[in-house]
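One-letter residues, chain by chain:
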There are 2 protein chains.
Amino acid sequence: MIITPDRFGGGTDGHMKLYDGGRAPNPRRVRIFLAEKGLSVPIVPVDIGNLEHKGPAYTQINPYQLVPALELDDGSVIGESVAICRYFEELHPEPPLFGTGAKGKAEVEMWNRRVEFSLYQSVQAVFRHLHPAMAEMQVPQIPAWGDANKARVIEMLESFDVVLGQRPFLSESGFSIADISAGITVDFMKPARLLVPEALTNVHRWHAALRARPSWQA
Amino acid sequence: MIITPDRFGGGTDGHMKLYDGGRAPNPRRVRIFLAEKGLSVPIVPVDIGNLEHKGPAYTQINPYQLVPALELDDGSVIGESVAICRYFEELHPEPPLFGTGAKGKAEVEMWNRRVEFSLYQSVQAVFRHLHPAMAEMQVPQIPAWGDANKARVIEMLESFDVVLGQRPFLSESGFSIADISAGITVDFMKPARLLVPEALTNVHRWHAALRARPSWQA
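The model shown is predicted, which means the values in this text are computed figures rather than measured ones.

### Comments concerning the pairing of strand E1 (residues 17-20) of chain B
Residue and element names in this part refer to chain B.
Then, number 1: Burial along E1 is two-sided: the face carrying Lys17 and Tyr19 and the face carrying Leu18 and Asp20 are both buried.
Then, number 2: As paired elements, E1 and strand E3 (residues 69-71) share three bridges and run antiparallel to each other. Bridging from a neighbouring strand, Tyr19 pairs with Ala69 of E3.
Then, number 3: Relative to strand E2 (residues 43-45), E1 is paired through three bridges, and the arrangement is parallel. Opposite Leu18, over in E2, you have Ile43 as the bridge partner.
Then, number 4: Between the parallel pair E1 and E2, the chain is carried across by helix H1 (residues 25-37), and the sense of this crossover is right-handed.

Encoded structure:
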(Lines give C-alpha, C1' and ligand atoms only; values in the text may rest on other atoms or scores of the structure.)
Protein backbone atom coordinates (compact mmCIF):
# COMPACT_ATOMS: atom_id res chain seq x y z
CA MET A 1 0.00 0.00 0.00
CA ILE A 2 1.26 3.47 -0.88
CA ILE A 3 1.48 5.71 2.16
CA THR A 4 -0.02 9.12 1.55
CA PRO A 5 -0.54 11.90 4.06
CA ASP A 6 -4.30 11.69 3.61
CA ARG A 7 -4.46 7.90 3.96
CA PHE A 8 -6.49 8.27 7.17
CA GLY A 9 -8.73 11.08 6.05
CA GLY A 10 -6.79 13.99 7.55
CA GLY A 11 -9.16 14.92 10.34
CA THR A 12 -11.91 13.65 12.57
CA ASP A 13 -15.23 12.61 11.19
CA GLY A 14 -16.74 12.79 14.66
CA HIS A 15 -16.68 9.05 15.26
CA MET A 16 -14.54 6.92 17.52
CA LYS A 17 -12.17 4.57 15.75
CA LEU A 18 -9.33 2.27 16.69
CA TYR A 19 -6.17 2.39 14.58
CA ASP A 20 -5.15 -1.23 14.70
CA GLY A 21 -1.98 -3.13 13.88
CA GLY A 22 -3.07 -6.67 13.17
CA ARG A 23 -1.21 -9.55 14.85
CA ALA A 24 1.33 -7.44 16.78
CA PRO A 25 1.03 -7.94 20.57
CA ASN A 26 -0.30 -4.53 21.61
CA PRO A 27 -3.08 -4.28 19.02
CA ARG A 28 -4.12 -7.81 20.03
CA ARG A 29 -4.15 -6.79 23.70
CA VAL A 30 -6.70 -4.04 23.04
CA ARG A 31 -8.89 -6.23 20.83
CA ILE A 32 -8.92 -9.00 23.45
CA PHE A 33 -9.78 -6.46 26.15
CA LEU A 34 -12.67 -5.11 24.07
CA ALA A 35 -13.93 -8.64 23.40
CA GLU A 36 -13.84 -9.41 27.15
CA LYS A 37 -15.94 -6.28 27.70
CA GLY A 38 -18.30 -7.21 24.87
CA LEU A 39 -17.51 -3.93 23.12
CA SER A 40 -17.07 -3.26 19.44
CA VAL A 41 -15.21 -0.27 17.99
CA PRO A 42 -14.79 0.53 14.29
CA ILE A 43 -11.30 -0.50 13.23
CA VAL A 44 -8.94 1.22 10.81
CA PRO A 45 -6.15 -1.19 9.82
CA VAL A 46 -2.58 0.14 9.89
CA ASP A 47 -0.19 -2.00 7.86
CA ILE A 48 2.83 -2.27 10.12
CA GLY A 49 4.41 -4.92 7.87
CA ASN A 50 4.78 -2.14 5.31
CA LEU A 51 5.83 0.38 8.01
CA GLU A 52 2.66 2.40 7.55
CA HIS A 53 2.85 3.36 11.25
CA LYS A 54 6.09 5.22 10.46
CA GLY A 55 4.57 7.13 7.57
CA PRO A 56 3.42 10.77 7.59
CA ALA A 57 -0.32 10.01 7.71
CA TYR A 58 -0.18 7.87 10.84
CA THR A 59 2.50 10.09 12.43
CA GLN A 60 -0.07 12.89 12.37
CA ILE A 61 -2.37 10.67 14.43
CA ASN A 62 0.27 9.33 16.83
CA PRO A 63 3.59 11.20 16.67
CA TYR A 64 5.22 8.32 18.56
CA GLN A 65 4.40 6.02 15.59
CA LEU A 66 2.98 3.24 17.74
CA VAL A 67 -0.16 1.18 17.27
CA PRO A 68 -2.82 0.90 18.43
CA ALA A 69 -4.28 4.39 18.92
CA LEU A 70 -7.86 5.33 19.75
CA GLU A 71 -9.41 8.39 18.15
CA LEU A 72 -12.32 9.75 20.17
CA ASP A 73 -15.43 11.43 18.83
CA ASP A 74 -13.88 14.84 19.55
CA GLY A 75 -10.82 14.00 17.43
CA SER A 76 -8.40 13.65 20.32
CA VAL A 77 -6.20 10.57 20.24
CA ILE A 78 -5.28 8.17 23.05
CA GLY A 79 -2.10 6.22 22.39
CA GLU A 80 -0.64 3.35 24.44
CA SER A 81 -2.63 0.14 24.66
CA VAL A 82 -3.13 0.10 28.43
CA ALA A 83 -4.32 3.72 28.36
CA ILE A 84 -6.87 2.75 25.71
CA CYS A 85 -8.01 -0.19 27.83
CA ARG A 86 -8.35 2.04 30.88
CA TYR A 87 -10.52 4.45 28.89
CA PHE A 88 -12.97 1.64 28.22
CA GLU A 89 -12.72 0.33 31.80
CA GLU A 90 -13.85 3.74 33.07
CA LEU A 91 -16.81 3.91 30.69
CA HIS A 92 -17.76 0.23 30.96
CA PRO A 93 -16.66 -1.02 34.39
CA GLU A 94 -18.18 -4.51 34.01
CA PRO A 95 -16.56 -6.97 34.06
CA PRO A 96 -13.75 -5.21 35.95
CA LEU A 97 -10.38 -5.96 34.34
CA PHE A 98 -8.27 -3.46 36.31
CA GLY A 99 -9.40 -4.68 39.75
CA THR A 100 -11.83 -3.07 42.18
CA GLY A 101 -11.20 -1.09 45.34
CA ALA A 102 -7.89 0.57 46.22
CA LYS A 103 -6.12 -2.68 47.05
CA GLY A 104 -7.52 -4.62 44.09
CA LYS A 105 -6.66 -1.88 41.61
CA ALA A 106 -3.14 -1.57 43.02
CA GLU A 107 -2.65 -5.32 42.91
CA VAL A 108 -3.72 -5.59 39.25
CA GLU A 109 -1.48 -2.67 38.35
CA MET A 110 1.41 -4.33 40.17
CA TRP A 111 1.00 -7.57 38.22
CA ASN A 112 0.48 -5.82 34.92
CA ARG A 113 3.68 -3.87 35.46
CA ARG A 114 5.65 -6.97 36.42
CA VAL A 115 4.47 -8.53 33.19
CA GLU A 116 5.21 -5.50 31.05
CA PHE A 117 8.50 -4.28 32.46
CA SER A 118 10.11 -7.66 32.90
CA LEU A 119 8.51 -10.40 30.83
CA TYR A 120 7.21 -8.41 27.86
CA GLN A 121 10.22 -6.15 27.50
CA SER A 122 12.56 -9.14 27.66
CA VAL A 123 10.67 -11.08 24.98
CA GLN A 124 10.58 -7.94 22.87
CA ALA A 125 14.35 -7.50 23.26
CA VAL A 126 14.95 -11.10 22.18
CA PHE A 127 12.70 -10.60 19.15
CA ARG A 128 14.07 -7.23 18.10
CA HIS A 129 17.74 -7.93 18.66
CA LEU A 130 17.98 -11.53 17.45
CA HIS A 131 15.36 -12.02 14.74
CA PRO A 132 16.78 -11.57 11.24
CA ALA A 133 13.53 -10.00 10.03
CA MET A 134 14.00 -7.15 12.55
CA ALA A 135 17.43 -6.08 11.28
CA GLU A 136 15.97 -3.16 9.32
CA MET A 137 13.54 -2.01 12.04
CA GLN A 138 15.84 -2.34 15.06
CA VAL A 139 18.87 -0.14 14.47
CA PRO A 140 21.32 -0.95 15.91
CA GLN A 141 20.49 -4.62 16.39
CA ILE A 142 22.64 -5.85 19.30
CA PRO A 143 22.56 -9.66 19.51
CA ALA A 144 24.37 -9.65 22.88
CA TRP A 145 21.44 -7.69 24.36
CA GLY A 146 18.95 -10.12 22.84
CA ASP A 147 20.85 -13.06 24.30
CA ALA A 148 21.06 -11.44 27.74
CA ASN A 149 17.26 -11.20 27.86
CA LYS A 150 16.64 -14.91 27.28
CA ALA A 151 17.48 -15.80 30.88
CA ARG A 152 15.21 -13.03 32.18
CA VAL A 153 12.25 -14.43 30.23
CA ILE A 154 12.66 -17.85 31.84
CA GLU A 155 13.25 -16.33 35.30
CA MET A 156 10.01 -14.34 35.09
CA LEU A 157 8.01 -17.32 33.82
CA GLU A 158 9.37 -19.40 36.70
CA SER A 159 8.16 -16.79 39.18
CA PHE A 160 4.74 -16.70 37.49
CA ASP A 161 4.57 -20.50 37.65
CA VAL A 162 4.80 -20.31 41.44
CA VAL A 163 1.96 -17.79 41.61
CA LEU A 164 -0.18 -19.72 39.14
CA GLY A 165 0.25 -22.82 41.31
CA GLN A 166 -1.64 -20.95 44.04
CA ARG A 167 -4.46 -19.35 42.05
CA PRO A 168 -5.93 -19.46 38.55
CA PHE A 169 -4.76 -16.02 37.41
CA LEU A 170 -1.90 -13.67 38.22
CA SER A 171 -3.84 -11.27 40.41
CA GLU A 172 -5.83 -12.30 43.46
CA SER A 173 -8.61 -10.24 41.85
CA GLY A 174 -9.11 -12.96 39.24
CA PHE A 175 -8.82 -12.61 35.48
CA SER A 176 -7.49 -9.14 34.64
CA ILE A 177 -5.53 -7.05 32.18
CA ALA A 178 -2.38 -8.55 33.74
CA ASP A 179 -3.36 -11.96 32.32
CA ILE A 180 -4.12 -10.43 28.93
CA SER A 181 -0.71 -8.72 28.94
CA ALA A 182 1.05 -11.90 30.02
CA GLY A 183 -0.89 -14.11 27.60
CA ILE A 184 -0.13 -12.02 24.53
CA THR A 185 3.50 -11.99 25.68
CA VAL A 186 3.63 -15.79 25.83
CA ASP A 187 2.08 -15.85 22.34
CA PHE A 188 4.79 -13.36 21.27
CA MET A 189 7.43 -15.88 22.39
CA LYS A 190 6.70 -17.93 19.26
CA PRO A 191 8.00 -15.36 16.71
CA ALA A 192 10.77 -14.56 19.22
CA ARG A 193 11.72 -18.26 18.98
CA LEU A 194 11.38 -18.87 22.70
CA LEU A 195 9.64 -21.79 24.42
CA VAL A 196 7.90 -22.01 27.78
CA PRO A 197 9.85 -24.76 29.61
CA GLU A 198 7.76 -27.93 29.91
CA ALA A 199 8.35 -28.05 33.66
CA LEU A 200 6.28 -24.87 34.14
CA THR A 201 3.02 -26.78 34.19
CA ASN A 202 1.05 -24.00 35.88
CA VAL A 203 2.00 -21.51 33.16
CA HIS A 204 0.99 -24.04 30.51
CA ARG A 205 -2.39 -24.69 32.19
CA TRP A 206 -3.05 -20.94 32.59
CA HIS A 207 -2.05 -20.21 28.98
CA ALA A 208 -4.31 -22.99 27.69
CA ALA A 209 -7.18 -21.49 29.69
CA LEU A 210 -6.56 -18.09 28.11
CA ARG A 211 -6.44 -19.54 24.60
CA ALA A 212 -9.77 -21.24 25.26
CA ARG A 213 -11.50 -17.91 25.98
CA PRO A 214 -13.50 -16.66 22.98
CA SER A 215 -11.79 -13.25 23.34
CA TRP A 216 -8.44 -14.79 22.45
CA GLN A 217 -9.46 -14.99 18.78
CA ALA A 218 -10.05 -11.24 18.58
CA MET B 1 24.70 -3.27 57.53
CA ILE B 2 24.56 -7.04 57.96
CA ILE B 3 21.60 -8.53 56.15
CA THR B 4 19.72 -11.03 58.28
CA PRO B 5 16.47 -12.78 57.46
CA ASP B 6 14.71 -11.06 60.35
CA ARG B 7 15.97 -7.58 59.47
CA PHE B 8 12.41 -6.44 58.75
CA GLY B 9 10.71 -8.17 61.61
CA GLY B 10 9.50 -11.27 59.76
CA GLY B 11 5.79 -10.57 59.70
CA THR B 12 3.21 -7.84 59.81
CA ASP B 13 2.73 -5.72 62.90
CA GLY B 14 -0.65 -4.57 61.61
CA HIS B 15 0.59 -1.19 60.44
CA MET B 16 1.15 0.20 56.96
CA LYS B 17 4.75 0.89 56.09
CA LEU B 18 6.73 1.89 53.02
CA TYR B 19 9.94 0.02 52.30
CA ASP B 20 12.00 2.79 50.81
CA GLY B 21 15.19 2.92 48.77
CA GLY B 22 16.63 6.40 49.34
CA ARG B 23 17.73 8.44 46.34
CA ALA B 24 16.92 5.87 43.64
CA PRO B 25 14.32 7.16 41.14
CA ASN B 26 11.35 4.93 42.00
CA PRO B 27 11.48 5.42 45.79
CA ARG B 28 11.69 9.16 45.13
CA ARG B 29 8.68 8.98 42.82
CA VAL B 30 6.50 7.54 45.58
CA ARG B 31 7.74 9.99 48.21
CA ILE B 32 7.09 12.95 45.90
CA PHE B 33 3.62 11.58 45.12
CA LEU B 34 2.83 11.24 48.84
CA ALA B 35 4.11 14.78 49.49
CA GLU B 36 1.87 16.13 46.71
CA LYS B 37 -1.06 14.39 48.38
CA GLY B 38 -0.05 15.69 51.81
CA LEU B 39 0.23 12.11 53.10
CA SER B 40 2.76 10.64 55.46
CA VAL B 41 3.54 6.91 55.73
CA PRO B 42 6.02 5.31 58.15
CA ILE B 43 9.20 4.51 56.24
CA VAL B 44 11.50 1.50 56.60
CA PRO B 45 14.81 2.24 54.87
CA VAL B 46 16.24 -0.45 52.58
CA ASP B 47 19.95 0.02 51.91
CA ILE B 48 20.19 -0.61 48.19
CA GLY B 49 23.82 0.60 48.13
CA ASN B 50 24.61 -2.50 50.18
CA LEU B 51 22.24 -4.65 48.06
CA GLU B 52 19.88 -5.14 50.98
CA HIS B 53 16.99 -5.38 48.47
CA LYS B 54 18.59 -8.55 47.10
CA GLY B 55 18.93 -10.14 50.57
CA PRO B 56 16.68 -12.84 52.05
CA ALA B 57 14.78 -10.54 54.41
CA TYR B 58 13.60 -8.12 51.73
CA THR B 59 13.07 -10.93 49.21
CA GLN B 60 10.41 -12.30 51.57
CA ILE B 61 8.63 -8.95 51.32
CA ASN B 62 9.04 -8.45 47.57
CA PRO B 63 10.25 -11.56 45.72
CA TYR B 64 11.11 -9.37 42.73
CA GLN B 65 13.69 -7.57 44.90
CA LEU B 66 12.60 -4.09 43.87
CA VAL B 67 12.01 -1.00 45.98
CA PRO B 68 9.79 0.61 47.01
CA ALA B 69 7.12 -1.73 48.35
CA LEU B 70 4.10 -0.86 50.47
CA GLU B 71 3.01 -3.20 53.25
CA LEU B 72 -0.65 -2.75 54.13
CA ASP B 73 -2.22 -3.13 57.55
CA ASP B 74 -3.31 -6.68 56.64
CA GLY B 75 0.28 -7.66 55.80
CA SER B 76 -0.19 -7.85 52.04
CA VAL B 77 2.44 -6.10 49.97
CA ILE B 78 2.02 -3.84 46.93
CA GLY B 79 5.15 -3.62 44.78
CA GLU B 80 5.78 -1.33 41.79
CA SER B 81 5.88 2.40 42.42
CA VAL B 82 2.98 3.38 40.17
CA ALA B 83 0.79 0.68 41.74
CA ILE B 84 1.61 2.13 45.17
CA CYS B 85 0.74 5.63 43.94
CA ARG B 86 -2.54 4.39 42.49
CA TYR B 87 -3.44 2.82 45.84
CA PHE B 88 -3.16 6.23 47.49
CA GLU B 89 -4.94 7.95 44.59
CA GLU B 90 -7.95 5.68 45.14
CA LEU B 91 -8.05 6.36 48.89
CA HIS B 92 -7.18 10.06 48.66
CA PRO B 93 -8.43 11.34 45.30
CA GLU B 94 -7.51 14.99 45.95
CA PRO B 95 -5.55 16.48 44.30
CA PRO B 96 -6.03 14.09 41.38
CA LEU B 97 -2.66 12.98 40.00
CA PHE B 98 -3.92 10.25 37.65
CA GLY B 99 -6.42 12.48 35.83
CA THR B 100 -10.20 12.58 36.15
CA GLY B 101 -12.91 11.13 33.91
CA ALA B 102 -12.35 8.44 31.32
CA LYS B 103 -10.53 10.69 28.88
CA GLY B 104 -8.43 12.44 31.53
CA LYS B 105 -7.37 9.17 33.16
CA ALA B 106 -6.48 7.65 29.80
CA GLU B 107 -4.51 10.73 28.81
CA VAL B 108 -2.45 10.74 32.03
CA GLU B 109 -1.80 7.01 31.64
CA MET B 110 -0.70 7.57 28.04
CA TRP B 111 1.82 10.23 29.05
CA ASN B 112 3.07 8.29 32.03
CA ARG B 113 3.69 5.28 29.80
CA ARG B 114 5.46 7.34 27.15
CA VAL B 115 7.73 8.62 29.92
CA GLU B 116 8.34 5.22 31.47
CA PHE B 117 8.70 2.99 28.42
CA SER B 118 10.78 5.35 26.34
CA LEU B 119 12.50 8.08 28.37
CA TYR B 120 12.96 6.31 31.71
CA GLN B 121 13.95 2.96 30.29
CA SER B 122 16.48 4.60 27.98
CA VAL B 123 18.10 6.63 30.76
CA GLN B 124 18.17 3.48 32.89
CA ALA B 125 19.86 1.54 30.07
CA VAL B 126 22.51 4.26 29.71
CA PHE B 127 23.13 4.21 33.47
CA ARG B 128 23.18 0.44 33.88
CA HIS B 129 25.19 -0.42 30.79
CA LEU B 130 27.73 2.40 30.77
CA HIS B 131 28.33 3.46 34.37
CA PRO B 132 31.41 1.77 35.87
CA ALA B 133 29.72 1.57 39.29
CA MET B 134 26.99 -0.65 37.77
CA ALA B 135 29.36 -3.33 36.46
CA GLU B 136 28.64 -5.65 39.38
CA MET B 137 24.86 -5.09 39.43
CA GLN B 138 24.21 -5.21 35.68
CA VAL B 139 25.42 -8.57 34.39
CA PRO B 140 26.14 -8.64 31.53
CA GLN B 141 26.91 -4.95 31.07
CA ILE B 142 26.63 -4.24 27.33
CA PRO B 143 28.10 -0.82 26.50
CA ALA B 144 26.77 -0.96 22.93
CA TRP B 145 23.22 -1.14 24.33
CA GLY B 146 23.90 1.79 26.65
CA ASP B 147 25.24 3.84 23.75
CA ALA B 148 22.26 2.98 21.55
CA ASN B 149 19.91 4.43 24.15
CA LYS B 150 21.55 7.86 24.27
CA ALA B 151 19.91 8.96 21.05
CA ARG B 152 16.52 7.74 22.26
CA VAL B 153 16.78 9.89 25.40
CA ILE B 154 17.36 13.03 23.35
CA GLU B 155 14.64 12.10 20.84
CA MET B 156 12.07 11.70 23.63
CA LEU B 157 13.11 14.95 25.33
CA GLU B 158 12.76 16.76 22.00
CA SER B 159 9.22 15.44 21.63
CA PHE B 160 8.40 16.53 25.19
CA ASP B 161 9.83 19.98 24.47
CA VAL B 162 7.24 20.45 21.73
CA VAL B 163 4.41 19.46 24.08
CA LEU B 164 5.75 21.62 26.91
CA GLY B 165 5.81 24.58 24.52
CA GLN B 166 2.02 24.28 24.31
CA ARG B 167 1.11 23.70 27.96
CA PRO B 168 2.77 23.76 31.38
CA PHE B 169 2.74 20.00 32.01
CA LEU B 170 2.81 16.85 29.91
CA SER B 171 -0.87 16.00 30.21
CA GLU B 172 -3.70 18.35 29.30
CA SER B 173 -5.05 17.43 32.74
CA GLY B 174 -2.34 19.56 34.37
CA PHE B 175 0.30 18.39 36.84
CA SER B 176 0.16 14.59 37.15
CA ILE B 177 2.09 11.45 37.89
CA ALA B 178 3.45 11.70 34.32
CA ASP B 179 5.34 14.85 35.33
CA ILE B 180 6.62 13.18 38.49
CA SER B 181 7.82 10.20 36.44
CA ALA B 182 9.45 12.45 33.85
CA GLY B 183 10.98 14.77 36.45
CA ILE B 184 12.66 12.02 38.43
CA THR B 185 13.92 10.65 35.11
CA VAL B 186 15.52 13.97 34.18
CA ASP B 187 17.10 14.02 37.67
CA PHE B 188 18.31 10.46 37.00
CA MET B 189 20.12 11.75 33.89
CA LYS B 190 22.79 13.27 36.17
CA PRO B 191 24.18 9.96 37.51
CA ALA B 192 23.69 8.54 34.00
CA ARG B 193 25.99 11.36 32.79
CA LEU B 194 23.46 12.75 30.34
CA LEU B 195 22.52 16.39 29.80
CA VAL B 196 19.27 17.98 28.66
CA PRO B 197 20.29 19.89 25.52
CA GLU B 198 20.27 23.65 26.15
CA ALA B 199 18.03 24.22 23.14
CA LEU B 200 15.14 22.39 24.86
CA THR B 201 14.06 25.51 26.73
CA ASN B 202 10.56 24.23 27.47
CA VAL B 203 11.93 21.12 29.16
CA HIS B 204 14.30 23.27 31.21
CA ARG B 205 11.48 25.63 32.29
CA TRP B 206 9.21 22.69 33.20
CA HIS B 207 11.97 20.92 35.13
CA ALA B 208 12.80 24.10 37.07
CA ALA B 209 9.11 24.41 37.98
CA LEU B 210 9.10 20.83 39.29
CA ARG B 211 12.25 21.38 41.35
CA ALA B 212 10.62 24.45 42.89
CA ARG B 213 7.70 22.40 44.25
CA PRO B 214 8.11 21.57 47.96
CA SER B 215 7.36 17.90 47.18
CA TRP B 216 10.56 17.65 45.15
CA GLN B 217 12.62 17.55 48.35
CA ALA B 218 10.81 14.46 49.62
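### Let's talk about the confidence of the model for chain A
Then, number 1: Per-residue pLDDT for chain A averages 94, and the proportion of residues at 70 or more is 94%.
Then, number 2: Residue range residues 1-5 of chain A is modelled with pLDDT below 50. Its contacts to residues more than four positions away, or to other chains, number ten contacts.

### Re the domain arrangement of chain A
All names here are of chain A.
Then, number 1: The domain architecture assigned to chain A consists of domain 1 (17-91) and domain 2 (101-217).
Then, number 2: Placing the centre of domain 1 and that of domain 2 at their C-alpha centroids yields a distance of 21 Å.
Then, number 3: Listed per partner, the contact involves nine residues of domain 1 and nine residues of domain 2.
Then, number 4: Of all the elements in the fold, those that place two or more residues in the side of domain 1 that touches domain 2 are helix H1 (25-37) and helix H3 (81-91).

### Some words on the relation of the copies chain B and chain A
Copy one and copy two of the chain differ by a rotation about an axis and a translation along that axis.
Then, number 1: Its rotation angle being 180°, the transformation that places chain B on chain A also includes 0.0 Å of axial translation and leaves an RMSD of 0.0 Å. In symmetry terms, the pair is related by a two-fold rotation axis. Within chain B, the C-alpha atom positioned nearest to the axis of rotation is that of Trp145(B), 3.4 Å from it.
Then, number 2: Interface overlap between copies is the fraction of interface residues in one copy that are interface residues in the other; for chain B against chain A it reaches 100%, indicating a shared surface.

### A few points about the interface of chain B and chain A
Then, number 1: Taken together, the contacts link 28 residues of chain B with 28 residues of chain A.
Then, number 2: At the level of elements, strand E4 (77-79), helix H3 (81-91), helix H4 (101-130) and helix H5 (143-164) of chain B are the ones that each hand at least two residues to the side of chain B that touches chain A.
Then, number 3: Sort the elements by how many residues they give to the side of chain B that touches chain A and H4(B) lands first, with nine residues.
Then, number 4: Here the residues of the side of chain B that touches chain A are counted per class, giving 17 nonpolar, two polar and nine charged.

### Some thoughts on the sheet that holds E3(B)
All names here are of chain B.
Then, number 1: Strand order in the open sheet made by the four strands is E2-E1-E3-E4, with mixed pairing throughout. If you trace the sheet from one side to the other, it starts and ends with E2 and E4, each paired once. Across this sheet, the average inter-strand angle for adjacent strands is 20°, counted without regard to direction.
Then, number 2: Packing of H3 onto the sheet brings it into contact with E3 and E4, and relative to E4 it is tilted by some 120°.

### A closer look at unusual backbone geometry
Residues and elements named next belong to chain A.
Then, number 1: Following Glu94, the chain continues into Pro95 via a peptide bond in cis, with omega recorded as -15°.
Then, number 2: Along the chain, Pro95 turns up in the loop between H3 and helix H4 (101-130).
Then, number 3: Phi is positive for Glu80, which is not a glycine, with a value near 80°.
Then, number 4: Inspection of the secondary structure puts Glu80 in the loop between strand E4 (77-79) and H3.

### Observations regarding the sheet that holds strand E2 (residues 43-45) of chain A
All names here are of chain A.
Then, number 1: In spatial order, the strands read E2-E1-E3-E4; together these four strands make up an open sheet with mixed pairing. Where the open sheet ends on each side, the last strands, each with one partner, are E2 and E4. Strand-to-strand, the axes of this sheet are offset by a mean angle of 20°, without reference to chain direction.
Then, number 2: Seen against the sheet, H3 touches strand E3 (69-71) and E4 and runs at an angle of roughly 120° to E4.

Rules used in this analysis
- Residues numbered from 1 in each chain as written.
- Chains lettered and ligands numbered in written order.
- Predicted model: local features only at pLDDT ≥ 70, side-chain atom pairs only at ≥ 80, totals over all residues.
- Buried ≥ 20, exposed ≤ 12 C-beta atoms within 10 Å, placed from the backbone.
- Helix = DSSP H or I, 4+ residues; strand = E, 2+ residues; numbered from the N terminus.
- Pairing = 2+ DSSP bridges.
- Right-handed = clockwise from strand over helix to strand, strands pointing away.
- pLDDT = per-residue confidence, 0-100.
- Contact = placed C-beta atoms within 7 Å.
- Domains from an automatic or database assignment.
- Least-squares fit on C-alpha atoms with pLDDT ≥ 70 in both.
- Nonpolar A, V, L, I, M, F, W, Y, C, P; charged D, E, K, R; others polar.
- Axes fitted to C-alpha atoms, helices over the stretch in contact; angles between N-to-C directions.

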